[in-house]
Amino acid sequence: NPAKTKSATSELILREKVFAIFGALGTPTHSAVVADINRRGIPDVFVNTGSSNFDNPSKYPTTFPYFPSYVVESKVMAYYIQSDADLNEKKRCLFYQDGEFGENAEKGFNAAGMKFATTVSYFSGQQVAPFTSQITKMKSEGCELVVFFGVTSATAQMLGTAARAAFRPTWVVTWITLSVGEESIMDTSSVPVRCESTAVRTSSISAANVVSSGRARPSQRRISRATFGSADANSVSTTPRVNSAPI
């Protein structure tokens, strides 16, 4: 709630006299206060969102993002897909959350020269109901690989809807999918779900196999490949942890 964020932040600044704001969560909420924080010269450290809007030193000199932007991440995803012969030959589709989240993703993919056969989206909050129309469209279009830019709850809804529709592509998901909220239950309805992620955290996922390929210096971005579920699994419970499978 951006209005509540403004009120709470003003109280921290004016009443509590805080030295810095640390780990602010969410794009719309932090967008409501970032200008005032910077105007006052208050350090705004490790903003917990991948929005490219906050990675702007000339506009927000006291703001220091924690994560790479969604634009950068989508470029990494494109590189990863294009560098894997198996993934690159699949018919690709994009499923994203409306707004800046999805816009950043499209910007990065366009910059990387990656095209998609079909694109579908959802609006924030729509994940309370099954993604029937989106899944039906992607299945009818013959999507073999689906890149998803959305939040954790939407991911669970997407995978559950896909399982019930017997739609079994390879999923490529953003880091936020399995790093925000560790309580997700993904109902696979006995349908195995394979997931490729640029930051998938998998050490406590049932029936998961994590493999790595290549070598990387510590400064390089880390990527993992995981297989979720099994032919006789009824559900997959995720408890994300830090993963260390590099490209």
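Residues numbered from 1 in each chain as written. Predicted model: local features only at pLDDT ≥ 70, side-chain atom pairs only at ≥ 80, totals over all residues. Heavy atoms only, no water.

Engineer: Go over the state of the cysteines with me, naming the residues and quoting the values.
Structural biologist: Taken as a whole and assessed by the stated rule, the structure comprises one disulfide. Across a sulfur-sulfur distance of 1.9 Å, Cys 93 and Cys 143 are joined as a disulfide pair. Here the S-S torsion is close to -80°, and the disulfide linking Cys 93 with Cys 143 is therefore left-handed. With Cys 93 in strand E4 (residues 92-97) and Cys 143 in the loop between helix H7 (132-140) and strand E6 (145-149), this residue pair connects regions lying 50 residues apart in the sequence. Like Cys 93, the residue Cys 143 is buried in the burial classification. (Disulfide = S-S within 2.5 Å. Helix = DSSP H or I, 4+ residues; strand = E, 2+ residues; numbered from the N terminus. Buried < 20%, exposed > 50% of the residue type's maximum accessible area, 1.4 Å probe, protein only.)

Engineer: Go over the pattern of salt bridges, please, and point to the residues and values.
Structural biologist: As enumerated under the stated definition, the model contains three salt bridges in all. Of the charged contacts in the structure, one is a salt bridge between Arg 15 and Glu 11, with a shortest N-O distance of 3.5 Å. Ionic contacts of the salt-bridge type, sharing partners, join the residues Asp 36, Arg 39 and Arg 40 into one network. (Salt bridge = Lys/Arg side-chain N within 4 Å of Asp/Glu carboxyl O.)

Engineer: Break down the confidence of the model for the protein chain for me, citing the residues and quoting the values.
Structural biologist: Mean pLDDT for the protein chain: 76, with 71% of residues reaching 70 or above. Across residues 180-194, confidence stays below pLDDT 50; counting only partners more than four residues off in sequence or on other chains, it has 59 contacts. In the model, residues 197-247 has pLDDT below 50 throughout and makes 134 contacts with residues more than four positions away in sequence or in other chains. (pLDDT = per-residue confidence, 0-100. Contact = heavy atoms within 4.5 Å.)

Engineer: Quick rundown of the pairing of strand E7 (residues 170-173)? Include the residues and the values.
Structural biologist: Because side chains alternate across E7, one face comprises the buried residues Thr 170 and Val 172, and the other comprises Trp 171 and Val 173, equally buried. Relative to E7, E6 is paired through four bridges, and the arrangement is parallel. From the neighbouring strand, Leu 145 faces E7, where its bridge partner is Thr 170. A crossover connection joins E6 to the parallel E7 through helix H8 (residues 152-164); in handedness this β-α-β unit is right-handed. (Pairing = 2+ DSSP bridges. Right-handed = clockwise from strand over helix to strand, strands pointing away.)

Engineer: So what's going on with the packing of helix H4 (residues 70-83) against helix H6 (residues 100-111)? Residues and values would help.
Structural biologist: Here H4 crosses H6 at 45°, and the two axes come no closer than 7 Å. In terms of their interaxial angle, H4 and H6 are classed as oblique. Both H4 and H6 take part in a crossing whose hand is right-handed. Taken together, the residues of H6 that come into contact with H4 (itself represented by Tyr 70, Val 71, Ser 74, Lys 75, Met 77 and Ala 78) are Phe 101, Asn 104, Ala 105, Lys 107, Gly 108, Phe 109 and Ala 111. Taken together, the residues that form the contact of H4 with H6 break down as eight nonpolar, three polar and two charged. (Axes fitted to C-alpha atoms, helices over the stretch in contact; angles between N-to-C directions. Parallel < 35°, antiparallel > 145°, perpendicular 65-115°, else oblique. Left-handed = near helix turned anticlockwise from the far one by under 90°. Nonpolar A, V, L, I, M, F, W, Y, C, P; charged D, E, K, R; others polar.)

Engineer: Tell me what's going on with the sheet that holds strand E1 (residues 21-22), and back it up with residues and numbers.
Structural biologist: Pairing is parallel across the open sheet formed by three strands, whose spatial order is E1-E2-E3. One side of each edge strand has no neighbouring strand; the edge strands of this open sheet are E1 and strand E3 (63-65). Across three bridges, the pairing between strand E2 (residues 44-47) and E3 is parallel. Considered in E3, the bridge of Asp 44 is made with Thr 63.

Engineer: Kindly report on the side chain of Asp 44, identifying the contributing residues and their values.
Structural biologist: Here Asp 44 shows up in strand E2. At 12 Å, Arg 40 is the nearest oppositely charged side chain to Asp 44, a buried residue that forms no salt bridge. In this structure the side chain of Asp 44 is engaged in a polar contact, spanning 2.7 Å, whose partner is the side chain of His 30. (Lys, Arg positive; Asp, Glu negative; His and termini not counted. Polar contact = N/O pair within 3.5 Å; in protein donor to acceptor, adjacent residues only side chain to side chain.)

Engineer: Describe the packing of aromatic side chains, listing the residues and the values that go with them.
Structural biologist: Within the structure shown, the criterion is met by 13 aromatic pairs. Relative to Phe 148, the ring of Tyr 122 has its centre 6.1 Å away and its plane inclined at 20°; by these criteria the two rings are stacked. You can see Tyr 122 sitting in strand E5 (residues 118-122) and its partner Phe 148 sitting in strand E6, a full 26 residues away along the chain. Residue classification places Tyr 122 among the buried positions, given a relative accessible area of 0%. On the basis of relative accessibility, which here comes to 0%, the residue Phe 148 falls in the buried class. With 5.9 Å between their ring centres and 85° between their planes, Phe 167 and Trp 171 make a pair best called edge-to-face. For Phe 167, a relative accessible area of 6% gives the class buried. A relative accessible area of 2% places Trp 171 in the buried class. The structure contains a cluster of three or more aromatic residues connected by ring pairs, namely Tyr 70, Phe 101, Phe 109, Phe 116 and Phe 149. (Phe/Tyr/Trp six-rings, centres within 6.5 Å; stacked < 30°, edge-to-face > 60°.)

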